[in-house]
Amino acid sequence: MAGSAPSVPDTLATSLQSQLDFVSIDGMDPTLANGMKVYYEREVPFELRSQDSGDDDPQEVGALEAIKVRIVVSSDMETGVSGSAAPGVVVELSSESNLFFHYTHEMDSVRFSDVAQTQKLMVDYGEYPNVLLRMLNHCIKEPHTHLAVFVMKNDGKARLDFIQNMEYKFVELLSVEFAASDEETVRKQITYRYNNVKAKLALLSARLADVNALVKLKNPSLLLQLQRTPPRLPTGRRVG
């Protein structure tokens, strides 16, 4: 019958299709090309500092900001097979407050050998993603004792220092080199993020219309009550 509300099976089917559509949207992520998979993705409190290329020391105090950190790994890393020339671990940094903030760290088995020797890391290359994961989670769960300090130079190079506050001194646990992404990479990332939000909004709007129709069929008075109640917006959270 034309104009009739969707049945419960239809609504469940729509919900399942929406989930599949979300997966399809996420699959358009340019970072996940060539078989890369997301290993870790969270917002982490970073202290952002700037440093001129000719200076030895960065500014003493930086701004605290929530930075989105994504670690993606190749299938070689997951299977333990090495030897590929492509980076097996990629770390991306981005910001919701600045769409043009985008830095990348890439690591392969050859470079890891040099880093491990220089920084005296007692882990194998295959454990590197988990080392980063643990460091980042410490900064989230114990922000007063574990710090993530991101130093940006005006030549596009950057460094992420994981520092532990031992009360009587600060100990650098790990230093990770980053580079600002080129304009083309930034453009692709912004385009993906924009299309991602736009497509998910359309899917959620369609889902809301289905729910409204179902509630109207089963309990019209409840729908009127819901429509009169103003939505509760989440309270903005600041890091620190």
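Computed from a predicted model, the values in this text were never measured in an experiment.

K.L.:
Looking at this structure, how should I read the nonpolar core?
P.N.:
Nonpolar side chains in soluble globular proteins generally cluster together in the buried interior. Membership of the largest hydrophobic core comes to 34 residues, with the highest contact counts inside it found for Phe46, Leu93, Phe150, Phe162 and Phe178. Broken down by element, this core gets its largest block of residues, seven residues, from helix α4 (residues 128-141). If we ignore the near neighbours within four places in the chain, the residues touching Phe178 are Val91, Leu93, Tyr103, Thr104, His105, Phe150, Gly156, Lys157, Ala158 and Leu160.

K.L.:
Help me out: how do you make sense of the pattern of salt bridges in this one?
P.N.:
Think of it this way: side chains of opposite charge can pair up when their charged atoms draw near. By the definition in use, this model includes eight salt bridges. Where Arg70 meets Asp29, a salt bridge forms, and the shortest distance between an N and an O atom there is 2.6 Å. You can see Arg70 sitting in strand β2 (residues 63-73) and its partner Asp29 sitting in the loop between α1 (8-26) and β1 (37-51), a full 41 residues away along the chain. A single burial state applies to Arg70 and to Asp29, both of which are buried. Measuring nitrogen to oxygen at the nearest pair gives 2.9 Å for the salt bridge that ties Arg159 to Asp161. For Arg159, a relative accessible area of 22% gives the class partly exposed. Judged by relative accessible area, Asp161 falls into the buried class, the value being 5%.

K.L.:
Where do I start with unusual backbone geometry in this structure?
P.N.:
Outside of glycine, negative phi angles account for most residues, and trans bonds account for most peptide bonds. We note that Lys120 has phi near 55°; this positive angle belongs to a residue other than glycine. Positionally, Lys120 belongs in the loop between α3 (109-119) and α4. Of note in this structure, Glu167 is not a glycine but carries a positive phi near 75°. Relative to the assigned elements, Glu167 resides in the loop between β6 (157-165) and β7 (170-180).

K.L.:
Can you help me understand the packing of helix α5 (residues 183-218) against helix α6 (residues 220-228) in this one?
P.N.:
The geometry of a pair of packed helices is captured by two quantities: the angle between their axes and the separation between those axes. Relative orientation of the contacting elements α5 and α6 amounts to 135°, with a least axis distance of 5 Å. In this view, α5 runs oblique relative to α6, as classed from their interaxial angle. Here Asn212, Val215, Lys216 and Lys218 of α5 lie close against α6, whose contacting residues are Pro220, Leu222 and Leu223. Looking at the contact of α5 with α6, its residues break down into four nonpolar, one polar and two charged.

K.L.:
I'm lost on the side chain of Ser175 in this one. Help?
P.N.:
Relative to the helices and strands, Ser175 resides in strand β7. The residues touching Ser175, leaving out its near neighbours within four places in the chain, are Gln119, Arg159, Leu160 and Asp161.

K.L.:
Sorry, what's going on with the sheet that holds β6 here?
P.N.:
The strands that make up a sheet pair up through hydrogen bonds in the backbone, lying either parallel or antiparallel. Read once around its circumference, the closed barrel built from seven strands follows the order β1-β2-β3-β4-β7-β6-β5, with strand pairing classed as mixed. Here the average twist between neighbouring strands, direction ignored, is 35°. Sheet analysis places β6 next to β7, joined by nine bridges and oriented antiparallel. Looking at β7, one finds that Phe162 is bridged to Leu174. Seen against the sheet, α3 touches β4 (102-107) and β7 and runs at an angle of roughly 95° to β4. The strands that α4 touches are β1, β2, β3 (89-94), β4, β5 (146-153), β6 and β7; relative to β1, the one it contacts most, it runs at about 60°.

K.L.:
Is there a simple way to think about the pairing of β3 in this case?
P.N.:
Along any regular strand the residues' side chains alternate between the sheet's two faces. Counting buried residues in β3 gives six out of six residues, a clear majority hidden from the surface. Pairing of β3 with β4 involves six bridges; the strand directions are antiparallel. Each residue of the ladder has a partner; that of Ser94, found in β4, is His102.

Parameters and conventions
- Residues numbered from 1 in each chain as written.
- Predicted model: local features only at pLDDT ≥ 70, side-chain atom pairs only at ≥ 80, totals over all residues.
- Heavy atoms only, no water.
- Core = buried A, V, L, I, M, F, W, Y, C linked by side-chain atoms within 4.5 Å.
- Buried < 20%, exposed > 50% of the residue type's maximum accessible area, 1.4 Å probe, protein only.
- Helix = DSSP H or I, 4+ residues; strand = E, 2+ residues; numbered from the N terminus.
- Contact = heavy atoms within 4.5 Å.
- Salt bridge = Lys/Arg side-chain N within 4 Å of Asp/Glu carboxyl O.
- Axes fitted to C-alpha atoms, helices over the stretch in contact; angles between N-to-C directions.
- Parallel < 35°, antiparallel > 145°, perpendicular 65-115°, else oblique.
- Nonpolar A, V, L, I, M, F, W, Y, C, P; charged D, E, K, R; others polar.
- Pairing = 2+ DSSP bridges.

Spatial relationships are all this shows, so hold off on functional conclusions.
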